[in-house]
Amino acid sequence: MHEIGDWFQRLYETTGLNFSVFYDAYDWDRYFGGLKMTLLLSVTTILLSLIIGAVGALLQGSPSMLLRLPVNAFVVVFRNTPPLVQIFFFYFGLGTMLPAVEAAGMRVPLLSNVQWAIISLSLFAGAFNVEIFRSGIEAVPGTTLEAAEALGYTRLKAYVHIVLPLAIRVCLPALNNNLVNLLKTTTLAYAIAVPETLYAVKQIWSESQNVFEMMVVLLCILVGVLVWLMHRWERAMRIPGYAR
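Summarised in this report is the structure supplied together with it. (Residues numbered from 1 in each chain as written. Predicted model: local features only at pLDDT ≥ 70, side-chain atom pairs only at ≥ 80, totals over all residues. Heavy atoms only, no water.)

1. Details of the pattern of salt bridges
Counting across every chain of the model gives five salt bridges. A salt bridge links Arg-30 to Asp-27; its shortest N-O distance comes to 2.6 Å. A residue pair is termed a helical-turn pair when its members lie 3 or 4 positions apart in one helix, as Arg-30 and Asp-27 do in helix α2 (residues 25–60) at three residues. What makes Arg-30 buried here is its relative accessible area of 13%. Exposure remark for Asp-27: the relative accessible area of 5% places this residue in the buried category. For Glu-138, the salt bridge goes to Arg-134, with nearest N and O atoms at 3.0 Å. With Glu-138 and Arg-134 both in helix α5 (residues 113–139) and four residues apart, this pair spans about one turn of that helix. (Salt bridge = Lys/Arg side-chain N within 4 Å of Asp/Glu carboxyl O. Helix = DSSP H or I, 4+ residues; strand = E, 2+ residues; numbered from the N terminus. Buried < 20%, exposed > 50% of the residue type's maximum accessible area, 1.4 Å probe, protein only.)

2. Comments concerning the packing of α2 against helix α7 (residues 155–185)
Each pair of packed helices can be summarised by the angle the axes make with each other and by the distance between the axes. One way to put it is that α2 packs onto α7 with a least axis distance of 10 Å and a crossing angle of 135 degrees. Between α2 and α7, the angle falls in the class oblique. α7 is crossed by α2, and the crossing has right-handed handedness. Touching Thr-38, Ser-42, Thr-45, Ile-46, Ser-49, Leu-50, Ala-54, Ala-57 and Leu-58 of α2 are Leu-156, Tyr-159, Leu-164, Leu-175, Leu-179, Leu-182 and Leu-183, all from α7. Of the residues assigned to the contact of α2 with α7, the class counts are twelve nonpolar, four polar and no charged. (Axes fitted to C-alpha atoms, helices over the stretch in contact; angles between N-to-C directions. Parallel < 35°, antiparallel > 145°, perpendicular 65-115°, else oblique. Left-handed = near helix turned anticlockwise from the far one by under 90°. Contact = heavy atoms within 4.5 Å. Nonpolar A, V, L, I, M, F, W, Y, C, P; charged D, E, K, R; others polar.)

So this is what it looks like as structure tokens:
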């Protein structure tokens, strides 16, 4: 680790490229703290949005109008409003309507800015996932569901164990794109003072005057790693010859 730090220090001295997070312990601690918060936001919102998408797609295919209408309204509202507006609505709108609670002798909001960011981003990405899952489910041949029911599966069990796994494989490229976009959208949590990566990077470049270098670090490490993971996931779940 010291060798890496020494190399980046020499790079700064010889070229002026100031990647201070790799040789300055204080900058690294701030950057790593932001990275951990982004990881928390990303993992939590990705899992919640996948659950919202799967449940919403199931309800969207229900024969009951009372189940379909709320899901359709949810998709329309959250797909057609900017995510930053949604974050402000939850944090500054709904957040001020909730009662405060006592904590360590102080009155604090019932939900923190991090929790509101998770709720808002999960609902935003979940609305897109509903449509993505729905398209995947519709791509699964109807004879597959009929065969499952002939084997004794209930509609719910056939959906969970057969239709949904196949649908995920069909819609995985679109799903991966949405999840990568969700990771990029987590930077909007900066607007309500969530100390994620962009928040930390902004503090670093304000003091070190290395905007270009910190943006390179932000883009390469944050988005590049997730794109690689999603590509690996897509290859691992591929069924040779299916949906060709």
